[in-house]
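Observations on chain architecture
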Amino acid sequence: MTAATSRSIAILLVTSSRELVDDWRAALRSRSAEIGIAASPRHALSLSHWREAHRPPCVVLDDAAVSGLADHDYIAELTAKAPVLLLTARDADEVLLTQMRAVGVWFVIPKLGLASASIWGLLASCRASWKAQRLLHDEMRVSDLIHRLSSSLASKLDVGAIVDEIAADATELVDAEQGFFLYHRSENGEPGDTTLRRRRLKQTSPPDDDRFLSELEHLIQTSIDTGSPVRIDDLYRSQWRPDSPPVDASGRLRSCLIVPVQDGSDGHFGALVFAHSKVSAFNDRHERLLLGISAAASIALRNAKLFEQVNKASQAREELMELLSHDLRNPINSIAIACDELRAGELDVDQRGRYLAAMRRALGRCQELIGDLLDVSRIESGKLSVTPSPVPVSSIVERVVLDHELAAVQKQVAIAADCKCLESVSVDRERVHQALSNLVSNALDHSERDSVVTVYALLERREVVLGVVDHGHGICPDELPHVFERFYQASRKRSAGAGLGLAIVDGIARAHGGFVRVDSQLGQGACFELHLPRG
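Residues numbered from 1 in each chain as written. Predicted model: local features only at pLDDT ≥ 70, side-chain atom pairs only at ≥ 80, totals over all residues. Heavy atoms only, no water.

Moving on, we come to the overall build of the protein. Broken down by element type, the protein carries 17 helices and 17 strands. The proportion of buried residues among the 535 residues of the protein is 41%. Pairs at least 24 residues apart make up 67% of the contacts formed inside the protein by residues separated by at least 6 positions. By element, 50% of the accessible surface of the protein is carried by carbon and sulfur atoms, the whole surface being about 28900 Å². (Helix = DSSP H or I, 4+ residues; strand = E, 2+ residues; numbered from the N terminus. Buried < 20%, exposed > 50% of the residue type's maximum accessible area, 1.4 Å probe, protein only. Contact = heavy atoms within 4.5 Å. Areas by Shrake-Rupley, 256 points an atom, 1.4 Å probe, with all protein chains shown as cover.)

On to the side chain of serine 394, then. Residue position: serine 394 is located in helix α14 (residues 393–403). When its relative accessible area of 16% is taken as the criterion, serine 394 is described as buried. If near-sequence neighbours (up to four positions away) are discounted, serine 394 is found in contact with Cys419 and Cys421.

This part is about the sheet that holds strand β4 (residues 84–88). Strand order in the open sheet formed by five strands is β2-β1-β3-β4-β5, and the pairing between neighbours is parallel. At either end of the open sheet lies a strand with only one pairing partner, and these are β2 (34–38) and β5 (107–110). Averaged over all adjacent pairs, the angle separating strand axes in this sheet is 25 degrees, with direction ignored. Two elements, strand β3 (residues 58–62) and β4, share four bridges in a ladder whose sense is parallel. Residue pairing in the sheet places leucine 61 in a bridge with leucine 86 of β4. (Pairing = 2+ DSSP bridges. Axes fitted to C-alpha atoms, helices over the stretch in contact; angles between N-to-C directions.)

A pair of packed helices can be characterised by two numbers: the angle between their axes and the separation between those axes. At a minimum axis distance of 10 Å, the contact between α14 and helix α16 (residues 429–445) shows a crossing angle of 50 degrees. Looking at the two axes, α14 sits oblique to α16. At the point where α14 passes α16, the crossing takes the right-handed sense. In this structure, α14 contributes Ser395, Ile396, Val397, Arg399, Val400 and Asp403 to the contact, and α16 contributes Arg429, Glu430, Val432, His433, Leu436, Ser437 and Val440. Across the contact of α14 with α16, the residue classes break down as six nonpolar, three polar and four charged. (Parallel < 35°, antiparallel > 145°, perpendicular 65-115°, else oblique. Left-handed = near helix turned anticlockwise from the far one by under 90°. Nonpolar A, V, L, I, M, F, W, Y, C, P; charged D, E, K, R; others polar.)

Our focus in this paragraph is the sheet that holds strand β12 (residues 414–418). Strand order in the open sheet made by the five strands is β12-β14-β15-β17-β16, with mixed pairing throughout. This sheet does not close on itself; its edge strands, each paired only once, are β12 and β16 (515–520). Within the sheet, the average angular offset between the axes of one strand and its neighbour, ignoring direction, is 15 degrees. Packing of α14 onto the sheet brings it into contact with β12, β14 (452–459) and β15 (463–470), and relative to β14 it is tilted by some 170 degrees.

Moving on to the nonpolar core. Core analysis: the biggest nonpolar cluster contains 46 residues, and Leu436, Leu466, Val468, Phe528 and Leu530 have the highest contact counts within it. Ranked by residue count, the leading element in this core is α16, at seven residues. Once you skip the residues sitting within four places of it in the chain, phenylalanine 528 turns out to touch Leu439, Asn442, Leu466, Gly467, Val468, Ile475, Phe484, Leu502, Arg517 and Val518. Counting residues in hydrophobic clusters, the runner-up holds 30 residues, among them Leu153, Val159, Val163 and Leu173. (Core = buried A, V, L, I, M, F, W, Y, C linked by side-chain atoms within 4.5 Å.)

Attention now moves to helix α8 (residues 159–173). For α8, spanning 15 residues, the distance from its first C-alpha to its last is 21 Å, which sits close to the expected 21 Å at 1.5 Å a residue. Burial analysis of α8 places 12 of its 15 residues in the buried class, the great majority of the element. Listing the buried residues of α8 in full gives Val159, Gly160, Ile162, Val163, Glu165, Ile166, Ala167, Ala168, Asp169, Ala170, Thr171 and Leu173. Positive phi shows up at aspartate 175, right after α8, with a value of about 55 degrees. (Expected span 1.5 Å × (residues − 1).)

Quick look at the structure:
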């Protein structure tokens, strides 16, 4: 055995006997072995810095230092961190030996009669055996954790539960001190909110999460963009902070490992981020394990996303059936009653005219509802087409105001146009008229009696703005983000509408490459604006 090999083993001698310490130092003097001293198993367990610096040392436990059952627990913890040998007399107590085997101490050294070479060989054998056992134990732990995680993910369809499970188990898998799962939720290709899920295993003065993650923002984005892991052995090396002054890195997270989580369609859910206060805490094996976890997470999240879509489709179907049964029932009943009266043949000419007019209005409401449903279907499937052509802005506003004058009179609401634009813009005349009409109808439905609804138009540099202002009840702040959703009806007073009008306005705006916005405060009315490119 070479000198280099001999120096590779450090010994932590657990004993209160000064004579025993001197004997061991003398026996191993030729080996240049470094010997640490601990007075008890508890003391040995507390010397974590010494053990880390000589990882792993061989712990030689004097049987005289084992004082009771309490020490057995400390010894059991030691055997998980380093190989432990029992130093005992030739007539060792069988009860003690049995107790030591129960806590993982299998190697025994007699206090007398062993030469230096024999001691050294036994130490080397013990350390090799311990490493093999720890490797086997670690592989079994990893295998069990992956199996448990896979089984758990296969049974979960809730995104939040999946993210929590992944963050917890993946952090444990790589023995990280900090573990985060940053993921993005998106609907129909539109950017969604970013939700942070994190799992912390240790509470050792953790840094502010937002600050730490902001420092890693560039690295996280690089991992997501490239689809590859990013591993940094020391975040405080100068090459990672070339423009920053040196900082005291003590107590900070030093190394990190970032693994992207793809969604399987050229997009991403987010990234798994792990950190440790120790330099070079992560290795190639951790990368491979986390890539497997990332793939499982991708499948589980994709399944959860599909499950959400199925639930939404089922909910939409139920809403559609409820809509048809409710909003079509009244006009159909009106038509049925009119038909019965006309068939009885007991009506004069004026009465027949009124019933026929009622039937025509009822049919008009049915046709309007069916048209709205078809438009929403086209919008959601991306098949709503527009045919832009030059249209005077003033003509759009004037026609909409004219169409709603009678309805405004019936509701005792004034309607006014504010449009001094003589220019033309390239839009689909009928679709824009439909959108602006929906906004005006919505404003009339929610206006107070004797108030004014104003329809206006503004020409900006690159867009035309068509707006409708009412002085009604206003919209609750919690409801503002939802007013353009299909079938949504705010809690304020409404007419018996289907909740499709504003969704259609939003779809028409998007089909033109524009957008619609709303500004409202409770008790102060609402202002809806349709922003369209000038073409």
